[in-house]
Amino acid sequence: MARGNYAALPPRVSLKAFAPTPGDQGQQGSCVGWASAYAARTLSEARRLEITSRSDINRSVFLQPSSTTRSAGAAAMLVRCRLMRSS
């Protein structure tokens, strides 16, 4: 597909099969950051590893809550989100 040629894209795509069940951040004081980063990372990794079993996804730990508050973790998350958009 050439860049800008969107006619071949499906009208919608669902990543629901790769989504984790919403969880508890525990004592982290960063609920929006943690939830967003955790969901994005889990979706990305579950899709990459082709894990669609919700129980297997929930048992997998792709991101710790504390890593979302570190600048290195945030920068890495931005890179992963860009990679998800380009794939």
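Read on for a plain summary of the structure. The structure displayed is predicted, hence computed values, not measured ones.

1. Examining the overall build of the chain
At step 1: Helix and strand counts for the chain stand at three helices and zero strands.
At step 2: Secondary structure of the chain in N-to-C order comes out as α-α-α.
At step 3: As displayed, the chain has an accessible area near 6400 Å², and 56% of this comes from carbon and sulfur atoms.

2. So, unusual backbone geometry
At step 1: You will see that glutamate 50, though not glycine, has its phi angle at about 55°, which is positive.
At step 2: As for its placement among the helices and strands, glutamate 50 is situated in the loop between helix 1 (31-49) and helix 2 (54-59).

3. Concerning the pattern of salt bridges
At step 1: Inspection of the entire model under this criterion finds three salt bridges.
At step 2: Close ionic contact of aspartate 56 with arginine 59 constitutes a salt bridge, the shortest N to O distance being 2.4 Å. With aspartate 56 and arginine 59 both in helix 2 and three residues apart, the pair spans about one turn of that helix.
At step 3: Judged by its relative accessible area of 33%, aspartate 56 falls in the partly exposed class.
At step 4: The class of arginine 59 is exposed, set by a relative accessible area of 59%.

4. Let's talk about the side chain of serine 60
At step 1: With respect to the helices and strands, the residue serine 60 is situated in the loop between helix 2 and helix 3 (71-86).
At step 2: Separated by 2.8 Å, the side chain of serine 60 and the backbone oxygen of aspartate 56 make a polar contact.
At step 3: In contact with serine 60, other than residues within four places in its own chain, are Tyr38 and Ile51.

Conventions and cut-offs
Residues numbered from 1 in each chain as written. Predicted model: local features only at pLDDT ≥ 70, side-chain atom pairs only at ≥ 80, totals over all residues. Heavy atoms only, no water. Helix = DSSP H or I, 4+ residues; strand = E, 2+ residues; numbered from the N terminus. Areas by Shrake-Rupley, 256 points an atom, 1.4 Å probe, with all protein chains shown as cover. Salt bridge = Lys/Arg side-chain N within 4 Å of Asp/Glu carboxyl O. Buried < 20%, exposed > 50% of the residue type's maximum accessible area, 1.4 Å probe, protein only. Polar contact = N/O pair within 3.5 Å; in protein donor to acceptor, adjacent residues only side chain to side chain. Contact = heavy atoms within 4.5 Å.

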